[in-house]
Amino acid sequence: MYAPAGVKTNHNAFPIPDTMKAWILGDPGELSIGQKPTPVPKKAEVLVRIDAVAICATDLDNIYHGPPAMIEGGLPFNKNWTPGHEYMGTVVALGPGVDEYKIGQRISVEIHAGCGQCKRCREGMYTSCHNYGLNYGDVDKGHRANGFTTDGGFCEYQVNNINTLVAISDEMTDEEGTLVVTAGTAMYALTELGGLVAGESVVVTGPGPIGLLAVAVAKSLGAQPVILTGTRDNRLDIGTKLGADHVINVRKTPDVVAEVKKMNGGKGVDYVVECSAAPNAVNEALYMVNRGGKVCLAAFPHDKALVDIAHIVRNNIYIYGIRGEGKSATHRAEAYMRQKRFDATLIHTHTFPLDDLKEALRYAKDRVDDAIKVVVKADMSNAAKQAAE
Ligand SMILES: [Zn+2]
Ligand SMILES: [Zn+2]
């Protein structure tokens, strides 16, 4: 029976096994299912029973290519490492001294705990921790980014620092709970652009999960107009349901910059949130904003790009890069979801059992059946109805 010293449990309500099912990464792209010891929460940590975990494009990068995952200072392959980072669940054990959360409480998680001691962590920029990945051997600074620098969520239990927990409403399904961190990333983008976007014009490029929820968050914050660009009509339609005032299919529009300007009274927009990672996305974003406008880059492109720097300088354009979901943006995002300002479940399309992770990854990677957010669950008895339409 799981009973580590100093850890509070309630085995009657939430029995915890000593070992758990976990997916483990071998060579690039090769996952196998095995058993691992159920992890033990330390000071300021809890044990989370993972009830649902969403697949993110970054999981595919980690599993097939390695970065941005970094385990013991290097690539994550053949290190007995478990990927997965966008999960929610139930607190089932408390580490020493934890009274901020209760056993049985439903939570969603942020990814980055940070080290808590570097300059950026002290500023709330824990996703840019200066000790990223330093959590082993002589350089153990205690950094955790589950599913990037520590074991993640494609398993049954995981430990989380209390700083990474976001209490969720009981009205939220498990699947919706996994989307808090995605909405939190969109919220962080708008936070970094200045936050107060009421009445300001916003373009979101790329209707992936973050882009679609960036539309929802921008609209909830009062932005006007909100314009979404992308290549797939089915995703653009979801953008409209989430609050986009205009959508532009770039495949059917020869000059997307001219089209954006036309939609905003001839001028560029105040803000662009770039979520597409397309090769020319940065330059197009620069041409879409008005003079003095701001561009936030939220996608991870694989290749370097040539950028029109003279245009940036002549027009006093600001460019921001964000990593993930800093400055407690997930808490603000959850508050919006709790108030039903937007329906994040519109981007959830499929749910699979945890045992079928490989099939779930294939759906996410190849966008089978128009998959957007694919979720896996260890216990399928309360799986939300598949939202595909
Ligand atoms: Zn992610
Ligand atoms: Zn730090």
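Quick caveat: nothing in here was measured; it's all calculated off a predicted structure.

(A) Quick peek at helix H1 (residues 57-64). Asp59, Asn62 and Ile63 are the residues of H1 that are buried. Taken end-on, H1 shows its buried residues confined to a sector of 95 degrees, consistent with a single buried face. The positive-phi residue at the C-terminal boundary of H1 is Gly66, with phi of around 115 degrees.

(B) Layout of the environment of Val260. Within the fold, Val260 resides in helix H7 (residues 256-263). On the basis of neighbour count, Val260 is assigned to the buried category, with 26 C-beta atoms found within 10 Å. Counting along the chain gives 57 residues from Val260 to Val203, while the straight-line C-alpha distance between them is 8.1 Å. When residues no more than four places from it in sequence are discounted, the contact partners of Val260 are Val203, Ile227, Gly268, Val269 and Met288.

(C) Inspection of the packing of helix H4 (residues 180-192) against helix H10 (residues 329-338) at higher detail. At a closest axis distance of 7 Å, the pairing of H4 and H10 adopts a crossing angle of 115 degrees. As far as their axial angle goes, H10 and H4 are roughly perpendicular. Remark: the crossing between H4 and H10 carries right-handed chirality. Between H4 and H10, the contacting residues are Val180, Val181, Ala183, Gly184, Met187, Tyr188 and Thr191 on the first element and Ala329, Thr330, Arg332, Ala333, Glu334 and Met337 on the second. Tallied by class, the residues present in the contact of H4 with H10 amount to eight nonpolar, three polar and two charged.

(D) Structural detail: helix H8 (residues 281-288). Counting buried positions over the eight residues of H8 gives seven, a clear majority of the element. At its buried positions, H8 is contacted by strand S9 (202-205), H7, strand S12 (269-274), strand S13 (289-297) and helix H9 (309-314).

(E) Structural detail: the pairing of strand S15 (residues 348-353). Judged by how many residues are buried, S15 sits mostly within the fold: five of six residues are covered. Note: S15 against strand S16 (residues 373-377), five bridges, orientation parallel. Each residue of the ladder has a partner; that of Pro353, found in S16, is Lys377. Since S15 and S16 lie parallel, the crossover through helix H11 (residues 357-366) that links them has a hand, and here it is right-handed.

(F) Local environment of the domain arrangement of the protein. When its domains are assigned, the protein resolves into domain 1 (8-111 + 146-167 + 343-382) and domain 2 (182-321). In this assembly, 11 residues from domain 1 lie in contact with 14 residues from domain 2. The leading source of residues in the side of domain 1 that touches domain 2 is H1, at three residues. Among the residues forming the side of domain 1 that touches domain 2, the class breakdown is five nonpolar, one polar and five charged.

(G) Structural view of the nonpolar core. Core analysis: the largest hydrophobic core is formed by 110 residues, its most contacted members being Ala214, Val217 and Ala218. Inspection of this core shows a minimum of three residues originating in each of domain 1 (8-111 + 146-167 + 343-382) and domain 2 (182-321). Contacts of Val217, omitting those with residues within four sequence positions, involve Ala183, Ala186, Met187, Leu190, Ala333 and Tyr336. Core analysis: the next-biggest nonpolar cluster, separate from the first, contains seven residues, Cys115, Met125, Tyr126 and Tyr132 among them.

(H) Molecular detail of the pairing of strand S5 (residues 86-94). Of all nine residues making up S5, eight are buried, and the element is well covered by its neighbours. Note that strand S1 (residues 8-9) and S5 share two bridges and pair antiparallel. Along S5, the bridge assignment pairs Lys8 with Leu94. The pairing of strand S4 (residues 45-54) with S5 spans eight bridges and is classified as antiparallel. When the bridges of S5 are listed, Val53 appears paired with Tyr87.

(I) Seen up close, the sheet that holds strand S10 (residues 226-230). The strand order across the open sheet formed by six strands is S11-S10-S9-S12-S13-S14, and the pairing between neighbours is parallel. Each end of this open sheet is capped by a strand with a single partner; those strands are strand S11 (246-249) and strand S14 (318-321). Strand after strand, the sheet turns through a mean of 15 degrees between neighbouring axes, direction not considered. Inspection of the sheet shows S10 paired to S11 by four bridges, in the parallel sense. Within S11, the position partnered with Leu228 by the bridge is Val247. On the sheet, helix H6 (residues 233-241) packs against S10 and S11 and is oriented at approximately 170 degrees with respect to S11.

Definitions and cut-offs
- Residues numbered from 1 in each chain as written.
- Chains lettered and ligands numbered in written order.
- Predicted model: local features only at pLDDT ≥ 70, side-chain atom pairs only at ≥ 80, totals over all residues.
- Buried ≥ 20, exposed ≤ 12 C-beta atoms within 10 Å, placed from the backbone.
- Helix = DSSP H or I, 4+ residues; strand = E, 2+ residues; numbered from the N terminus.
- Arc of directions from axis to C-beta.
- Contact = placed C-beta atoms within 7 Å.
- Axes fitted to C-alpha atoms, helices over the stretch in contact; angles between N-to-C directions.
- Parallel < 35°, antiparallel > 145°, perpendicular 65-115°, else oblique.
- Left-handed = near helix turned anticlockwise from the far one by under 90°.
- Nonpolar A, V, L, I, M, F, W, Y, C, P; charged D, E, K, R; others polar.
- Pairing = 2+ DSSP bridges.
- Right-handed = clockwise from strand over helix to strand, strands pointing away.
- Domains from an automatic or database assignment.
- Core = buried A, V, L, I, M, F, W, Y, C linked by C-beta atoms within 7 Å.

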